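# A look at the structure
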Protein chains: 2
Amino acid sequence: MPTPDRTSLDEIVRAGRDLLESEGLSGLSMQAVADRVGVRAPSLYKRVRSRDDLIRLISEATLAELAARLDAVASAEPQADPVDRLTQLAHAVRAFARSGPEAYRLMFSPPSEGSAASPESIARSAAAILSVAAELAGPDDALDAARTATAWTTGFIGMELAGGFRLGGDVDQAYAYGIARIAAALDRRAG
Amino acid sequence: MPTPDRTSLDEIVRAGRDLLESEGLSGLSMQAVADRVGVRAPSLYKRVRSRDDLIRLISEATLAELAARLDAVASAEPQADPVDRLTQLAHAVRAFARSGPEAYRLMFSPPSEGSAASPESIARSAAAILSVAAELAGPDDALDAARTATAWTTGFIGMELAGGFRLGGDVDQAYAYGIARIAAALDRRAG
DNA sequence: ACCTGAACACCGTTCAAGT
DNA sequence: ACCTGAACACCGTTCAAGT
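Residues numbered from 1 in each chain as written. Chains lettered and ligands numbered in written order. Predicted model: local features only at pLDDT ≥ 70, side-chain atom pairs only at ≥ 80, totals over all residues. Heavy atoms only, no water.

### Comments concerning the protein's contact with DNA strand D
Taken together, 22 residues surround DNA strand D, and among them Arg6(A), Arg40(A), Ser43(A), Tyr45(B) and Arg51(B) come closest. Counting only atoms of DNA strand D within 4 Å of the protein, the fraction found in sugar and phosphate groups is 69%. Within the backbone of Met30(B), one N or O atom sits 3.1 Å away from a phosphate oxygen of DNA strand D. Classifying every residue of the surface near DNA strand D by side-chain character gives nine nonpolar, seven polar and six charged. (Near = heavy atom within 4 Å. Polar contact = N/O pair within 3.5 Å; in protein donor to acceptor, adjacent residues only side chain to side chain. Nonpolar A, V, L, I, M, F, W, Y, C, P; charged D, E, K, R; others polar.)

Structure representation (structure tokens):
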């Protein structure tokens, strides 16, 4: 006789994300997730292969949200100058990271191989930046340019989240300075 | 009656680093470290406050090594063009990261607050880059320029180590492309 | 002064037994 | 078909007892 479902994969992933953000990665235990969704820990394994798998699902969900956010920004003003659009994208990534720092970090530094998001979802979240990079640097250099912009963005935000900017100075201004330099450097019109 | 020392802090940190590199962060257990140095796990707490503290010590040691490496590169050809020197520094960081990827990742994404390296040692490892950045961008923009270069470098390498470059293309070439663009963008002589 | 075994409170995960 | 308690093999850490 079937038992009525007492939870769902969605609820588990959502609970995991909340827990990750409020308690950090070490607080994301199967027990804690089970408590949140009102089930015993072993029951989670009906919907999730392992804790690593749960972490991967959280990464995947976060990545999808980021991709949606960036798509919205990119398509908001399709006519705007590509330098401005790249700048807006970079600011959107930073705002997203600040709204959920733990989940953001998870995307870019998975604690294990099995918890890394799939190449497909990574590619999807890079689409908006790739398209602006193509406009800026031209089709031949689009991939390299997108990588340069993405590397700088994730590097800056990663250092910021890790508390790496303790030499003083205005971090917001450093971000603005950086994105302006990067955008100009990638702009083929500038030569 | 005192017992002769059966291990030392240095040996523990070294064993921890080896273990980290060969087994990953999750393989870096107090038990495994104790086995390596020939002691029982509780004895480690005579020299180390906690596992987090051991991780911090490993980060600190790695950071000191990186700083020494970069100092050596920076002072090898003091007369060279700053663009070339920044390029060499960037390549040195990447080579260092590849020689010990797990320890490298630890420096830039500490798994917890207590395992982060001290601001002082971070500042020390940034000295070489800061000095080239000052030459390139001028004293007023030195800090912002150093942050831009560092963010790009750590971001690129972090993505590479996380396996984030699966869209194809030549990653070595993307690195060369990026550092050339960044160096040119920071160079005030180019304007 | 250092080292140890025993113990504590946790983990992630498996599995037979329940409904 | 889902859920559970019990169990297993691990953790990090503390502490009294040994030398």
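There is more to say, and it comes next.
### Description of the protein's contact with DNA strand C
Close to DNA strand C lie 21 residues, the nearest being Tyr45(A), Arg51(A), Arg6(B), Arg40(B) and Ser43(B). Considering the 4 Å shell around the protein, atoms of DNA strand C inside it are sugar or phosphate in 71% of instances. Between DNA strand C and Ser43(B) there is a distance of 3.1 Å, counted from a phosphate oxygen to a side-chain nitrogen or oxygen.

### Some remarks on helix 8 (residues 171–186) of chain B
Taking 1.5 Å per residue as the helical rise, helix 8 of chain B with its 16 residues ought to reach 22 Å, and the 22 Å between its terminal C-alpha atoms agrees with that figure. Those residues of helix 8 of chain B that fall on the buried side of the exposure criterion are Val171(B), Ala174(B), Tyr175(B), Tyr177(B), Gly178(B), Ile179(B), Ile182(B), Ala183(B), Ala185(B) and Leu186(B). In this structure, the buried side of helix 8 of chain B is in contact with helix 6 (119–137), helix 7 (142–161) and helix 8 (171–186) of chain A together with helix 4 (82–99), helix 6 (119–137) and helix 7 (142–161) of chain B. The residue sitting at the N-terminus of helix 8 of chain B and contributing the capping side-chain oxygen is Asp170(B); that oxygen lies 2.9 Å from the backbone nitrogen of Asp172(B). (Helix = DSSP H or I, 4+ residues; strand = E, 2+ residues; numbered from the N terminus. Expected span 1.5 Å × (residues − 1). Buried < 20%, exposed > 50% of the residue type's maximum accessible area, 1.4 Å probe, protein only. Contact = heavy atoms within 4.5 Å.)

### Here we look at the interface of chain B and chain A
How big an interface is tends to be expressed through the accessible area that disappears when the partners come together. Facing the 35 residues of chain B at the interface are 35 residues of chain A. Carbon and sulfur atoms make up 63% of the area that chain B and chain A hide from each other, which totals about 3,100 Å². Where chain B meets chain A, there are zero salt bridges. Elements represented by at least two residues in the side of chain B that touches chain A include exactly helix 5 (101–108), helix 6, helix 7 and helix 8 of chain B. Counting residues per element, the side of chain B that touches chain A draws most heavily on helix 7 of chain B, at 12 residues. (Buried area = accessible area lost by both parts, 1.4 Å probe. Salt bridge = Lys/Arg side-chain N within 4 Å of Asp/Glu carboxyl O.)

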